[in-house]
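Chain by chain, the residues run as shown.
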Amino acid sequence: MSVAVDRDAAFLAAVGRIAEEVAAPNAEDVDRRARFPVETIQALRDERALSAFVPTELGGAGVSFETIAAACFQLGRRCGASAMVFAMHQIQVVTIVRHLDGAPWFEAYLRDVADEQRLIASVTSEVGTGGDMGRSVAAVTPAGAGGCTFEKRAPTVSYGEHADDLLTTLRRGPDAEPGDQVLALTRKEQITLEPAGTWDPLGMRGTCSPGFLVRAEFMPEQVLPTPFPRVSVESMVPVSHILWSHLWLGIATDAFDRARAFVRAAAKQKPGQPPPTAARLSHLMSELSLLRAEVSSALAEFVDASQEPGRERLSTMAATLRFNNLKIAASEQAPRVCQGAMGVCGIMGFKNDTPFSVGRHLRDTMSASLMVANERIHQTNASLLLIAKEV
Amino acid sequence: MTDEIRRIINDHARLPVDISALAVDADLYQAGMTSHASVNVMLALEDCFDVEFPDRMLKRSVFESIASIAAALAELQVGVAA
């Protein structure tokens, strides 16, 4: 046990160092130029962080899921885009680790992730599905020599051009229904990306997520054995919402820290007189506490439910509602905290070049409610609430 | 009971295929039942058999086939008293 605790602590310390020494000094340039955070991702590779969650028997570090979540928080405090790239990669790794079901191809692949620190992006959104990840148009299509192909129009592929490999949702076959989906992992040399659109967004600019027409040629064993609907409820959706919300909490926490630094600086200028913004900071702390409580309780519930045999609880509607609610609550609360921090810092927070700037924080967290649109999640919840008993 | 389940699926699952052609163990989701449609199936089942599915049963695997739905209803004692 203590070995595992030490390993987790050492990993987290290394990520914390990268956040401070690499992500933070590059964050402004990454944001301004909407460029990929190459330095941070390289530093994470050097620490073998991309395979941190891969079990030790497959060459990874075998750190706990809680530690991965904490790493997302740490990175989020210094560079939201770096944290999002790291989080999205880990979502793919966690999904594969939890659902490879002993498949030899995927075990060998995870060894490659560890050896070569390969970066995985996901292609889940698709033109023509109205934002519903539970439906696909593109299909695993048999081709010559026992191989397969697919062609998928993706409106966004986060860091698609910088990824080594892609994890893609597809219909099981050309005749399958839209909801009969599987996940296929394709390697860089099997993929062609045809850019479709540009990337000049309001926030999370370093994730570099334009659209692509994705084509791939691959072998049938590159399809994950577990069907996507099960992977989705047991892992991909809750893990996404948990890791995203950890990094949103990280961004909001840094915005709060900047607001606190601003109030402290004001207090020092006029000793004995509480600055007028001090009370606002107290209000802001309450808002941040709500966010932190929601994020940490969701993580604890997920870890708890994951340890049950068969992960039965995760496949219930109650669990779906729980983690959907995390997404909605955290994605709305994080920008609220950032805006509150701007209210405390005033013009010093509004300007992009002061120690109290929180514009990037606000812009980055405003992406949260759009990443899987909250209104779509509300529609799903509204339907589930008709039948779920205890929520 | 199976006939009633079939009727409810026919009325509410909005399958693109003919329900009478489906085997009792055929996967309804693979046959095209969406998550949203499955909620309507659950509501209709609760109404028809006068039961409430507890939360532990409200998951995909319980509603994925006519056979699994029948097993769930049996567990809730439907048909035992009748």
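Residues numbered from 1 in each chain as written. Chains lettered and ligands numbered in written order. Predicted model: local features only at pLDDT ≥ 70, side-chain atom pairs only at ≥ 80, totals over all residues. Heavy atoms only, no water.

1. Remarks on the overall build of chain A
Within chain A, the regular secondary structure consists of 11 helices and 7 strands. For chain A, whose C-alpha radius of gyration is 21 Å, the value lies close to the compact-globule estimate of 21 Å for 391 residues. Taking the principal axes of its C-alpha atoms as reference, chain A extends roughly 80 × 50 × 50 Å. In chain A, buried positions account for 56% of the 391 residues. Charge separation in chain A, taken as the distance between the mean sites of 39 positive and 45 negative side-chain charges, equals 7 Å. (Helix = DSSP H or I, 4+ residues; strand = E, 2+ residues; numbered from the N terminus. Rg over C-alpha atoms; globule rule 2.2 N^0.38 Å. Buried < 20%, exposed > 50% of the residue type's maximum accessible area, 1.4 Å probe, protein only. Lys, Arg positive; Asp, Glu negative; His and termini not counted. Charge placed at Lys NZ, Arg CZ, Asp CG, Glu CD.)

2. Here we look at the overall build of chain B
When its secondary structure is counted, chain B shows 3 helices and 0 strands. Its helices and strands in sequence order give chain B the pattern α-α-α, from N to C terminus. Taken over C-alpha atoms, the radius of gyration comes to 12 Å for chain B, in line with the 12 Å a tight globule of 82 residues would show. Projected onto the principal axes, the alpha-carbon positions of chain B cover approximately 35 × 25 × 20 Å. Long-range pairs, those at least 24 residues apart, make up 52% of the contacts in chain B between residues at least 6 apart in sequence. As displayed, chain B has an accessible area near 4100 Å², and 49% of this comes from carbon and sulfur atoms. (Contact = heavy atoms within 4.5 Å. Areas by Shrake-Rupley, 256 points an atom, 1.4 Å probe, with all protein chains shown as cover.)

3. Let's talk about the interface of chain A and chain B
Facing the 16 residues of chain A at the interface are 16 residues of chain B. A buried area of about 1400 Å², summed over both sides, lies between chain A and chain B, and 59% of it is on carbon and sulfur atoms. Taken as a group, Glu-177, Ile-387 and Lys-389 of chain A account for 36% of the area that chain A buries against chain B, more than any other trio of residues on that side. Residues Glu-46 of chain B and Lys-389 of chain A are paired through a salt bridge, measuring 2.8 Å at the closest nitrogen-oxygen approach. (Buried area = accessible area lost by both parts, 1.4 Å probe. Salt bridge = Lys/Arg side-chain N within 4 Å of Asp/Glu carboxyl O.)

4. Focus: the sheet that holds strand S1 (residues 120–123) of chain A
Neighbouring strands of a sheet are bound in pairs by backbone hydrogen bonds; such pairs are parallel or else antiparallel. All names here are of chain A. Strand order in the open sheet formed by 3 strands is S1-S4-S5, with mixed pairing between adjacent strands. Looking at the sheet topology across the chains shown, the edges are occupied by S1 and strand S5 (181–187). Pairwise comparison of adjacent strand axes, ignoring direction, gives a mean angle of 25° for this sheet. Relative to strand S4 (residues 165–171), S1 runs parallel, the two being bridged by 4 bridges. Residue Ala-121 lies in a different strand from S4, and its bridge partner there is Leu-166. Taken strand by strand, helix H4 (residues 80–99) contacts S1, S4 and S5, and its axis lies near 85° from that of S1. Sheet strands in contact with helix H6 (residues 228–269) are S4 and S5, and its direction is about 80° off that of S5. (Pairing = 2+ DSSP bridges. Axes fitted to C-alpha atoms, helices over the stretch in contact; angles between N-to-C directions.)

5. Considerations on the side chain of Glu-234 of chain A
Residue and element names in this part refer to chain A. For Glu-234, the position within the fold is in helix H6. A relative accessible area of 3% means that Glu-234 is categorised as buried. A distance of 3.3 Å separates polar atoms of two side chains, one belonging to Glu-234 and the other to Arg-311. Apart from the residues within four sequence positions on either side, Glu-234 is in contact with Arg-98, His-99, Phe-302, Gly-310, Arg-311 and Leu-314. (Polar contact = N/O pair within 3.5 Å; in protein donor to acceptor, adjacent residues only side chain to side chain.)

6. Side note on the packing of helix H8 (residues 317–345) of chain A against helix H10 (residues 359–366) of chain A
Residue and element names in this part refer to chain A. Running from amino to carboxyl end, H8 crosses H10 at an angle of 165°, the nearest separation of the two axes being 9 Å. Classified by the angle their axes make, H8 and H10 are roughly antiparallel. The way H8 lies across H10 gives a crossing that is left-handed. Residues Ser-331, Ala-334, Pro-335, Cys-338, Gln-339 and Met-342 of H8 touch H10, and the partners they reach there are Gly-359, His-361, Leu-362, Thr-365 and Met-366. By residue class, the composition of the contact of H8 with H10 is 6 nonpolar, 5 polar and no charged. (Parallel < 35°, antiparallel > 145°, perpendicular 65-115°, else oblique. Left-handed = near helix turned anticlockwise from the far one by under 90°. Nonpolar A, V, L, I, M, F, W, Y, C, P; charged D, E, K, R; others polar.)

7. What about unusual backbone geometry?
Positive phi, normally seen in glycine, also occurs at Tyr-159 of chain A, with a value near 40°. Within the secondary structure, Tyr-159 of chain A is located in the loop between strand S3 (148–154) and S4. Backbone geometry places Asp-50 of chain B, a non-glycine residue, at a positive phi of 50°. Here Asp-50 of chain B shows up in the loop between helix H2 (35–49) and helix H3 (66–75).

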